[in-house]
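The lines below spell out each chain.
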Amino acid sequence: FFVLISQNSGDFSAQEISMTLAEGSVPFAALLSGCYRSSRTGKMFVRRVAYEQMGFEDDGGLLGFCDNVDGEKAWTFTFNSVDPCKNIYARTEATTTFNI
């Protein structure tokens, strides 16, 4: 039971990740590339922890794992703290796991 609660709260997830957007993929890609930290407020999408751009938690980049991006599971990127599964600016290739 403890493991289930800990997993659902993101305790076993990576706490910080680094992300680089290719130039031209989204406006101001260089400003949005960098370090992202697991949401301090517990923001989650598809029961997975979201990652917020360090230093710009309220209005910077946001990474989330989505289970239905054109029928596929994928990591997605958005900004301004909106739902990354609904307002997609960039995405990864399809993946069947939560791995980054």
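Everything in this summary refers to the structure shown in the same document.

What counts as what
Residues numbered from 1 in each chain as written. Predicted model: local features only at pLDDT ≥ 70, side-chain atom pairs only at ≥ 80, totals over all residues. Heavy atoms only, no water. Core = buried A, V, L, I, M, F, W, Y, C linked by side-chain atoms within 4.5 Å. Buried < 20%, exposed > 50% of the residue type's maximum accessible area, 1.4 Å probe, protein only. Helix = DSSP H or I, 4+ residues; strand = E, 2+ residues; numbered from the N terminus. Contact = heavy atoms within 4.5 Å. Polar contact = N/O pair within 3.5 Å; in protein donor to acceptor, adjacent residues only side chain to side chain.

1. Thoughts on the nonpolar core
Part 1 of the reasoning: Counting 15 residues, the largest nonpolar core has Leu 21, Val 26, Leu 32, Tyr 36, Tyr 51, Leu 63 and Phe 77 as the members making the most contacts within it.
Part 2 of the reasoning: Broken down by secondary-structure element, the contributors of at least two residues to this core are strand S1 (16-19), helix H2 (29-32), strand S6 (61-69) and strand S7 (72-79).
Part 3 of the reasoning: Ranked by the residues each element gives to this core, the list is headed by S7, at three residues.
Part 4 of the reasoning: In contact with Leu 32, other than residues within four places in its own chain, are Met 19, Leu 21, Val 26, Pro 27, Gln 53, Gly 61, Phe 77 and Phe 79.

2. So, the side chain of Thr 76
Part 1 of the reasoning: With respect to the helices, strands and loops of the structure, Thr 76 is situated in strand S7.
Part 2 of the reasoning: Of note is the side chain of Thr 76, whose polar atom sits 2.7 Å from the backbone oxygen of Pro 84.
Part 3 of the reasoning: Once residues within four sequence positions are removed from consideration, Thr 76 is found in contact with Leu 62, Leu 63, Gly 64, Cys 66, Val 69, Pro 84, Cys 85, Ile 88, Ala 90 and Arg 91.

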